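Residue strings, one per chain:
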Amino acid sequence: MSTLRIDREGSGPPLVLVHSLLTDARAFDLVAPRLSSRFALHRVWLPGFGGSEPLADRSSTLFDVAESVRRSLQEAGVTGDGVAVLGNGFGSFVCVALAAAHGHLFGPLIVANGGAAFSPERRAAFTTMSDLVSDSGMGAVVEVAVRRIFTGEYLEAHPTAVEERRAVLLEIDPGSFAASCRALRDMDLRPHLGAIDNPTLVISGAADTTTPPEMGDELAASLCDAEFVVLEHCGHCPPLERPTAFCDAVEDYLVRKLTA
């Protein structure tokens, strides 16, 4: 079980932030100033990212990663009905698994660019990334990663994005990354969704080709108390690509749910 780094800032009701596979906790840098004015942010660094211990077991499942998050949050005293948990990409799948296994420890759930299971074609992409990193290191997936995170429109407007992502990816533990790819490839959360009764907001990017809106729509429809929002002109990482729209959706939902 990995010990995870958690960065804290801001004040107000606790909001846990869990990053995607192709970024790290700094993916929330653009939204943190606004969100931290209303919430006490707890940015979790997943295993093998940013000083968090790597995955010791290379056959770890999504629920194993979620258990590391659960233990680290409990050790930090970040649990209770007033604690909101938000994940993006890989982090969103981890948070859904966390809610299925330990939803009673938390309050509202926000799933940004996630779902319950990947199609066979999308599963194959995780095998490819795992193999590339295992054979050649993190640098081998930089170009693939950038295309999976951002829309072409965003990349044209942000010519430094590729090198910024390269710098982030090269800091990730390759073994943990490859194991996380396999965990995503092999997951199927659909049998576990009935265990989730946390109020949930599902956010999708209209232009996300990695976890397209239909995955988010299917997830929301399978939960007992869920809302579904699509952000236009947005790819896989709305905190980076559409920070204002992302904050609007998160704040609107949490203000309603945490003050109800």
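This text gives an overview of the structure that appears in the document. Please read these numbers as outputs of a predicted model, since none were measured by experiment.

### Let's talk about the overall build of the protein
Next, step 1: On a plain count of helices and strands, the protein comes out with 11 helices and seven strands.
Next, step 2: Computed over the C-alpha atoms, the radius of gyration of the protein is 17 Å, within 12% of the 18 Å expected from 2.2 N^0.38 for a compact globule of 260 residues.
Next, step 3: Dimensions of the protein, computed from C-alpha atoms along their principal axes, come out at roughly 50 × 40 × 35 Å.
Next, step 4: Taking all 260 residues of the protein together, the buried fraction comes to 56%.
Next, step 5: Summing over all exposed atoms, the protein offers an accessible surface of approximately 9,900 Å²; the carbon and sulfur share of this is 51%.
Next, step 6: Distance between charge centres in the protein, computed from 21 positive and 34 negative side chains, equals 2 Å.

### A word on the packing of helix α4 (residues 120–136) against helix α8 (residues 174–186)
Next, step 1: Closest axis-to-axis distance for the α4/α8 pair is 8 Å, and the angle between their directions is 165°. Judged by the inter-axis angle, α4 sits roughly antiparallel to α8. Where α4 crosses over α8, the handedness of that crossing is left-handed. Of α8, the residues touching α4 (which contributes Arg123, Phe126, Thr127, Met129, Ser130, Val133 and Ser134) are Pro174, Phe177, Ala178, Cys181, Arg182, Leu184, Arg185 and Asp186.

### Observations regarding the nonpolar core
Next, step 1: Ranked by internal contacts, the top residues of the largest apolar core, which has 67 residues, are Leu21, Leu62, Phe177, Leu184 and Leu189.
Next, step 2: Here this core gets nine residues from one element, more than from any other, and that element is helix α3 (residues 90–102).
Next, step 3: Every residue in contact with Leu21, bar those within four places of it in the chain, is listed here: Phe49, Phe90, Phe126, Met129, Ile172, Phe177, Ser180, Cys181 and Leu184.
Next, step 4: Counting residues in hydrophobic clusters, the runner-up holds 23 residues, among them Leu35, Ala84, Tyr253 and Leu254.

### Here we look at the pattern of salt bridges
Next, step 1: In the structure shown here, the tally under the stated rule is 18 salt bridges.
Next, step 2: With its nearest N and O atoms 3.7 Å apart, the salt bridge here joins Asp173 to Arg58. Highlighted residues: Asp173 in the loop between α7 (161–169) and α8 and Arg58 in the loop between β3 (40–45) and α2 (62–75), separated in sequence by 115 residues.
Next, step 3: A salt bridge links Arg185 to Asp186, with the nearest nitrogen and oxygen atoms 2.8 Å apart.
Next, step 4: Each of Arg34, Arg38, Asp248 and Glu251 takes part in one network of salt bridges that share partners.

### Comments concerning the environment of His158
Next, step 1: Tracing the chain through its elements places His158 in the loop between α6 (152–157) and α7.
Next, step 2: According to the relative accessible area criterion, His158 is partly exposed, its value standing at 35%.
Next, step 3: For the pair formed by His158 and Val65, sequence separation is 93 residues and the distance between their alpha carbons is 32 Å.

Rules used in this analysis
Every chain is numbered on its own, with residues counted from 1 as its sequence reads. Only residues with pLDDT of 70 or above have their local features reported here, since the model is predicted, and side-chain atom pairs are shown and tallied only from 80 upward, although totals for entire chains, interfaces and linings are computed over all residues. Values reported for side chains reflect all heavy atoms of the structure, with hydrogen atoms and water molecules removed beforehand. Working definition: helices are DSSP H or I runs of at least four residues, strands are E runs of at least two. Numbering for both runs from the N terminus. Within these notes, the globule rule equals 2.2 Å times the number of residues to the 0.38 power, and the radius of gyration is based on C-alpha atoms. Residue burial is assigned from relative accessible area. The probe radius is 1.4 Å, only protein chains are included, and a residue is buried under 20% of its type maximum, exposed over 50%, and partly exposed in between. Note on areas: these come from Shrake-Rupley sampling with a 1.4 Å probe, and a residue is covered only by the protein chains present in the view. Here Asp and Glu are counted as negative and Lys and Arg as positive; His is not counted, and neither are the chain ends. All charge positions are set by atom: Lys at NZ, Arg at CZ, Asp at CG, Glu at CD. Helix axes are fitted to C-alpha atoms over the stretch in contact, other axes to C-alpha atoms as well, and angles between N-to-C directions run from 0 to 180 degrees. Any angle from 65 to 115 degrees is called roughly perpendicular, while one under 35 is roughly parallel, one over 145 is roughly antiparallel, and all others are oblique. Definitions for this section: a left-handed crossing has its near helix turned counterclockwise from the far helix by less than a right angle. A right-handed crossing has that turn clockwise. Two residues form a contact once any of their heavy atoms are found within 4.5 Å. Only buried Ala, Val, Leu, Ile, Met, Phe, Trp, Tyr and Cys residues count toward a nonpolar core, and they belong to the same one when joined by side-chain atoms within 4.5 Å. Put simply, a salt bridge is a Lys or Arg side-chain nitrogen that is within 4 Å of an Asp or Glu carboxyl oxygen.

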